[in-house]
Structure formats: structure tokens, C-alpha cells
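Fold and geometry: a report
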Amino acid sequence: MTKFRTPELGKMSWTEVTEAAEENPVVLVPIGAIEQHGPHLPIHEDSIVADWVAHRIADELDVLVAPPLNYGHSPTFRGYPGNLSLSAETLRTAIYEIIATLVDSGFRRIVLVNNNGGNVGPASSAAVDARRDLGVLIGHVYPWSLGYSLMRDVYDDASKVYGHGAEPEHSAMLAIFPDQVQSDRVTTGGMRELNGWQPASYTEAHIPGQPITGTVFWDFSEVSASGVTGDVHAANPEIGKVWIDRVVGFCVAFVREYDKNTRDTSSARAS
Ligand SMILES: [Zn+2]
């Protein structure tokens, strides 16, 4: 449903972009990463899911989808081949310049659909600088992270099944891109002890006698042989459909709220 011939900015001619910008639409910018997600999932997973979610938002709302930025910042996965990663500075600059040139093209309302944890810092930095320098308010949704927040009640013990290459992303991939999941390569995840440390994740270690973990920064491959954390056997496409309903549902609600609150004040700063 759209007042535009297509929601895809990349399919428009420059004259069509001019006309579209005059409508002051919200523009979604998908941002992904090329990094490992275990032996059973493709390295471009974050990117294809970011773009897919952006298109589902565009199915529901009158928004445009910019061509995706498929490369992200994934330094922690450098121990696994296929890690095609930009530096934090390069990604921050790329996101800032995409925002700035969208503004040059006449757009004032931009939401980043970012699907990688390593991208959050660079995206945040670009967004606050865009607020200061260009006067635009940048929205941000992170589908994988939303899944962690919205899916806890679906599992008996979310803490056992949640993880990189595990839940809920594994189920989501079975529902969205089943032909890209190699189920015969599924490997049990888990963290391995390292030099006396008991890792809880690649940045968290159990501290004896303490109820919370402490933070250190390993390369992911130091503490995970397969690249997977969390139990991979909980995955099924029915859970993936719940992920779609809840995560896309939140993203649509967020962009609807962003649209309502920026429609008349998109260039105004809070006073
Ligand atoms: Zn990822």
C-alpha cells in the first residue's frame, strides 16, 4: 500500500525521487553485516533480514526503503572466515553520509533498520551528529535485539536457548529464509573455559560468588569453537512466525509513532 509507484527508492528515477521527497515520507535505511552465525546459517543473514523487515514495514505503511547497506562492523568475529567488516569509523561515516545525502535529496525523516550489535555504536554516533548538524531526528530499530526482548515467554528457559546462531534468530530464519538454513550442519553451541575464566558470552564472564557477570572483551573465536552460543535444537518455523508477528509488529508501531510525531516538526528541535 503506497502512494508511490514503488516503495523502493533504488527503483526510482531522479525526477521521481524529487516528487517523492516533496511528500515528506519516512525513509527506511536497512543496515546489516557480513559475519558468521554458525555452520548452519549464511554470513549475510543480518543484511537480508534487515532488508526483509524494512519491506514488511513498507507493506503496512506509506514509507520508502533505501537500498541497503549490507556491510557492517563485526570485529569480534574476525576469527571466522567470511567476516567482511568495516571499521567503526568507516561505518559511522558511511551511515552519516547516507543520512546527509538523503537530506540533500529533500528527505527529512529517516529510520535506520539496523540488524547487527556491532553497528549500534557507529549508528548512534552518526544519528546524534545528524541531529546536531542537520537538524533531523533519526529513528532506529534493531530486529534481532527486539526478538530477544519480545520472545522470552516463548521458551521454557530463554537463557539456555538464546544466543548467536541460536534462538530466536535460528527460528526466524527457518520462517523467513528456510532455503538458506543448512539444518544438516547445525552444531551445538556453548562457551568454553579460557585461562581460568568462565565465559557467559564473548564479553561476559561469571565471577565466583557474584550474582551478575563481569565484562571483558575476547575475540568470539577464543570462547566459541563453532561460533554458536545457545541451544540450537529449540528452533522451528512456528516460533519463527511468532518472531515475525512480534518484531515486525513492534517495528510497524514504532515507525507509525515516528511518522506521527515528526510529520510537522521534522526539522524542528526540541526547545
Ligand atoms: Zn549477526
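Cut-off values and rules
Residues numbered from 1 in each chain as written. Predicted model: local features only at pLDDT ≥ 70, side-chain atom pairs only at ≥ 80, totals over all residues. Heavy atoms only, no water. UniProt positions renumbered as here; feature names shortened; annotations may be inferred. Donors = N, O, S within 2.8 Å, 3.2 Å for Na, K, Ca; no water. Tetrahedral: all angles 85-135°; square planar, octahedral: opposite > 155°, others 65-115°. Buried < 20%, exposed > 50% of the residue type's maximum accessible area, 1.4 Å probe, protein only. Helix = DSSP H or I, 4+ residues; strand = E, 2+ residues; numbered from the N terminus. Pairing = 2+ DSSP bridges. Core = buried A, V, L, I, M, F, W, Y, C linked by side-chain atoms within 4.5 Å. Contact = heavy atoms within 4.5 Å.

The protein chain is annotated in an unreviewed UniProt entry as Creatinine amidohydrolase of Tamaricihabitans halophyticus. According to the UniProt record, the Cofactor (unreviewed entry) comment for the protein chain is "Zn(2+)". In UniProt, the protein chain has this text filed under Sequence similarities (unreviewed entry): "Belongs to the creatininase superfamily."

**As for the coordination of the zinc ion**
Distances from the zinc ion to its protein donors, namely Glu35 (OE), His37 (NE2), Asp46 (OD) and Asp46 (OD), fall within the range 2.0 to 2.7 Å. In this structure, the zinc ion is surrounded by four donor atoms whose angles at the metal cover 52 to 147°, and the resulting shape is irregular. Between consecutive donor residues of the zinc ion, the sequence gaps follow E-x1-H-x8-D. With relative accessibility at 0%, the residue histidine 37 sits in the buried group.

**Looking at unusual backbone geometry**
For the bond from glutamate 167 to proline 168, the omega torsion is -10°, close enough to zero to count as cis. In this structure, proline 168 sits in the loop between helix 6 (158–161) and helix 7 (169–176). The phi torsion at asparagine 195 lies on the positive side, around 50°, for a residue other than glycine.

**So, the sheet that holds strand 7 (residues 214–215)**
One open sheet accounts for three strands, arranged 5-6-7; its pairing is antiparallel. Edge positions in the open sheet fall to strand 5 (198–201) and strand 7, since each of these has one partner strand only. Where strand 5 lies against strand 6 (residues 204–206), three bridges are found, and the strand directions are antiparallel. If you follow serine 201 over to strand 6, its bridge partner there is glutamate 204.

**Details of the sheet that holds strand 4 (residues 138–141)**
Two strands in a sheet stick together by hydrogen bonds in their backbones, pointing the same way (parallel) or opposite ways (antiparallel). Read from one edge to the other, the open sheet built from four strands follows the order 2-1-3-4, with strand pairing classed as parallel. Because the sheet does not close on itself, it has two edges, and the strands there are strand 2 (64–65) and strand 4. Pairing of strand 1 (residues 26–31) with strand 2 involves two bridges; the strand directions are parallel. Across the sheet, the residue bridging to leucine 28 is valine 65, located in strand 2.

**Describing the nonpolar core**
Membership of the largest hydrophobic core comes to 40 residues, with the highest contact counts inside it found for Leu28, Ile57 and Trp243. Counting residues per element, the ones that place at least two in this core are strand 1, helix 2 (45–60), strand 3 (109–114), helix 5 (143–150), helix 6, helix 7 and helix 9 (237–262). Looking at this core, the element that brings in the most residues is helix 9, giving nine residues. If we skip the residues at most four places from it in the chain, tryptophan 243 touches Val49, Val53, Pro143, Trp144, Gly147, Met151, Pro168, Ala172, Ile176 and Val248.

**Focus on the environment of phenylalanine 4**
Turning to its location among the elements, phenylalanine 4 is positioned in the segment before helix 1 (14–22). On the basis of relative accessibility, which here comes to 10%, the residue phenylalanine 4 falls in the buried class. Here the alpha-carbon distance between phenylalanine 4 and glutamate 19, two residues 15 residues apart in the chain, equals 9.4 Å. Ignoring sequence-local partners within four residues, the contact set of phenylalanine 4 consists of Met12, Ala20, Glu23, Pro25, Asp62 and Leu64.

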